[in-house]
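# Survey of secondary and tertiary structure
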Amino acid sequence: MTLRTTISNDKTVVKQGRRSAVKLALSRSWRRHWQLYLLMIPPVAYFIIFKYVPMVNAVLAFKDYNVIKGIWGSPWVGTKYFELLFQNPAFATLIKNTLYISFYSLVVGFPVPILLALALNEVKNAKFKKTVQMVTYAPYFISTVVMVSIIMLFLSPRLGIVNTIAGTLGFEAVNFLGEPGLFRSIYVFSDVWQSMGYSAVIYLAALAGIDPSLYEAAKVDGANRFQKMVNIDLPGLLPAAVIILILSVGNIMAVGFEKIYLLQNPLNLSASEIISTYVYKMGLLNANYSFATAVGLFNSLINLILLLTVNAAAKRLSNTSLW
């Protein structure tokens, strides 16, 4: 009995010692870096208030929401709204359009910034390099509403510059935004044009971190520019590219709502109606909040599964992952 008591007392002393050490380390860290901790407060508060707290209200997907009773006072209905979603005739179209546009954006948009970064890395004229960076980076700061307005003006059947040039060459005018088959390409390539400069900055930073001695060794071995790019630049970009690919696949079901919604019209709806626009119409326009929450929760669950799967695959294949 005495031995057990002694061991218990020793464990208590060890725990108290660890707690005191942790408190002392935290106190020292706060005194040394209190400015950094203060800078952390706004982003941490943002994520807690606008990201984590709203997750609690996802319970709305399992309730028959009543405005008077509130979220927690509304009656439970189980998986009723999920069953309605899966039985909805539009469900297959929503999934198909969302996946089609997402994979299309990923396949086209993922390699373009890498190619742009590799090309800029080979440019020796600093002035020309900065000019190209500025020109490709500038569209990123154009708001979605302005971008959609530009697209509509360029592709207008009557006054658009594209149809004006086509008419001058003897071709008939085309209602680009009225053709369901063209909608996805218009969305994807305009998005690539707008974001490739911003995305290339990340890869340029990765290229800047490559050891210069590798290029010197390759030069001694007689390697040309293409061989340096394949054997030094691409392996140096691989960790950053894998992380960005994982994040992109993790958001594959979260296609940009604003741009697609603004580009939608009754003629292209069969190709442009995706999960996020459907949630907006059902939840806010039709005031069917429970059903819209169920659709959004299903969408987030698929994103989470994709993120975990791709992260595990990347970790196994390349030893690079988010965690």
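Scroll up a little and you will see the structure.
Everything in this summary refers to the structure shown in the same document.

Criteria and cut-off values
- Residues numbered from 1 in each chain as written.
- Predicted model: local features only at pLDDT ≥ 70, side-chain atom pairs only at ≥ 80, totals over all residues.
- Heavy atoms only, no water.
- Helix = DSSP H or I, 4+ residues; strand = E, 2+ residues; numbered from the N terminus.
- 1 Å grid on protein atoms, 1.4 Å probe; cavity = no way out; pocket = protein on both sides within 12 Å on 5 of 7 lines; lining within 4 Å.
- Points joined across faces, edges and corners; volume = space filled by probe spheres on them.
- Nonpolar A, V, L, I, M, F, W, Y, C, P; charged D, E, K, R; others polar.
- Axes fitted to C-alpha atoms, helices over the stretch in contact; angles between N-to-C directions.
- Parallel < 35°, antiparallel > 145°, perpendicular 65-115°, else oblique.
- Contact = heavy atoms within 4.5 Å.

## A closer look at unusual backbone geometry
- Positive phi, close to 60°, is recorded for Ala-287, a residue that is not glycine.
- Tracing the chain through its elements places Ala-287 in the loop between helix 14 (275–285) and helix 15 (289–318).

## Section: empty space enclosed by the protein
- For the structure shown, the criterion picks out 1 cavity of 30 Å³ or more.
- Quantified by volume, the largest cavity comes out at close to 30 Å³.
- Listed by contribution, the elements that provide at least two residues to the lining of the largest cavity are helix 4 (91–109) and helix 15.
- For the lining of the largest cavity, the element with the most residues is helix 4, which contributes 3 residues.
- Of the residues belonging to the lining of the largest cavity, the class tally is 7 nonpolar, no polar and no charged.

## Side note on the packing of helix 4 against helix 5 (residues 111–122)
- Between helix 4 and helix 5, the shortest axis-to-axis distance is 5 Å and the interhelical angle comes to 15°. Comparing the axis directions of helix 4 and helix 5 gives the class roughly parallel. Here Leu-106, Val-107, Val-108 and Gly-109 of helix 4 come into contact with helix 5, specifically with Pro-111, Val-112 and Pro-113.
- Residues belonging to the contact of helix 4 with helix 5 are distributed by class as follows: 6 nonpolar, 1 polar and no charged.

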